[in-house]
Amino acid sequence: MENKTIKLIKSRVSCRAYSDKKVSLKKALEVAEAGKYAPSAKNRQIANVYVVNSKRYVEKLRTLSLNEQNRDCMYGAKTIILVGAPREDMFTDKDCSCILENMFLAAHALKLASCWINQFDDLFNTKNGLKVKKALGIPENYKIVGSCILGYPQDEASLQVKERKEDFIKVL
Ligand SMILES: Cc1cc2nc3c(=O)[nH]c(=O)nc-3n(C[C@H](O)[C@H](O)[C@H](O)COP(=O)(O)O)c2cc1C
C-alpha cells in the first residue's frame with residue numbers, strides 16, 4: 001500500500017473556482033504553521049507569511065488585481081496567504097517556494113483547495129498596490145514570491161490530477 005503522505009502529495013491539485021464557503025481562521029493558521037516548518041537556507045528563516053482572512057483586506061487585494069490587470073486573480077477564494085522575504089536576499093525565492101509548497105500540501109491534508117497566485121509582487125509595485133502593501137504591514141523591501149489562495153472548490157469532481165511527463169526521472 002502506498003505511503004499516506006506520498007499519496008497526499010500525488011493527489012494535490014490547483015483549484016481555480018471557489019465556493020462562497022469561507023475557510024476558518026483556525027484552518028488558515030494551521031496551513032500557515034505548516035509553512036513555518038519548511039526548510040530555509042542556513043536556517044535563517046528570513047521569510048514571513050501574511051494570512052489575509054478578513055473580508056476587508058481580501059477585497060482590497062481582489063480590487064487591486066481587477067483595477068490593475070483587469071482580472072480577478074482570487075478566483076472567488078476568501079483567504080490568501082502571501083509569502084515574502086527581503087528582495088535583496090539571495091535565498092528569498094528558494095525559501096519562500098519551500099514555504100508555499102508546504103502550505104499547499106497542508107491545505108490538501110485539511111481538505112482545503114488551494115492555488116499558487118503569482119501576481120501580487122507586480123501588483124504591489126503599482127501606485128495603488130504600494131498603498132495596499134503598506135496597509136497589510138508588508139515591508140517595502142519585501143518580495144512577495146507567491147501566495148496561496150485557500151477555500152472550498154465549487155466543483156470537487158472537476159479537480160483532476162494532471163498528467164506528469166514520463167521522462168521526469170533520470171536514473172544514473
Ligand atoms: C511558480 C508558480 C507560479 C504559479 N502562478 C500561478 C498563477 O499566478 N495563477 C494560477 O492560477 N496558477 C498558478 N500556478 C499554478 C500552476 O499553474 C499549476 O501548479 C500547474 O498548472 C500544475 O497544476 P497542478 O498544481 O494542479 O498540479 C503557479 C505555479 C507555480 C509553481
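This one's a predicted model, so the numbers in the text were calculated from it and none came from an experiment. (Residues numbered from 1 in each chain as written. Predicted model: local features only at pLDDT ≥ 70, side-chain atom pairs only at ≥ 80, totals over all residues. Heavy atoms only, no water.)

**Observations concerning the sheet that holds strand 1 (residues 48-52)**
Pairing between sheet strands relies on hydrogen bonds along the backbone, with the strands arranged either parallel or antiparallel.
Phase 1 of the analysis: As summarised here, the arrangement of the four strands in space is 1-2-4-3, forming an open sheet in which the pairing is antiparallel. Lying at the two open borders of the sheet, with one neighbouring strand each, are strand 1 and strand 3 (113-117). For this sheet, the mean angle separating the axes of adjacent strands, direction not counted, is 20°.
Phase 2 of the analysis: The pairing of strand 1 with strand 2 (residues 79-86) spans five bridges and is antiparallel. Counterpart to Val51 in the pairing with strand 2 is Ile81.
Phase 3 of the analysis: Sheet strands touched by helix 2 (residues 25-36): strand 1, strand 2 and strand 4 (142-151). Its angle to strand 1, the strand with the most contacts, is close to 165°. (Pairing = 2+ DSSP bridges. Helix = DSSP H or I, 4+ residues; strand = E, 2+ residues; numbered from the N terminus. Axes fitted to C-alpha atoms, helices over the stretch in contact; angles between N-to-C directions. Contact = heavy atoms within 4.5 Å.)

**A look at the pattern of salt bridges**
Phase 1 of the analysis: Per the stated rule, a full pass over the model turns up nine salt bridges.
Phase 2 of the analysis: Note that Lys78 and Asp20 form a salt bridge whose closest N and O atoms lie 3.7 Å from each other. Of the two residues, Lys78 sits in the loop between helix 3 (55-69) and strand 2 while Asp20 sits in the loop between helix 1 (4-11) and helix 2, which places them 58 residues apart along the sequence.
Phase 3 of the analysis: Through salt bridges that share partners, Glu59, Arg62 and Asp72 make up one connected network. (Salt bridge = Lys/Arg side-chain N within 4 Å of Asp/Glu carboxyl O.)

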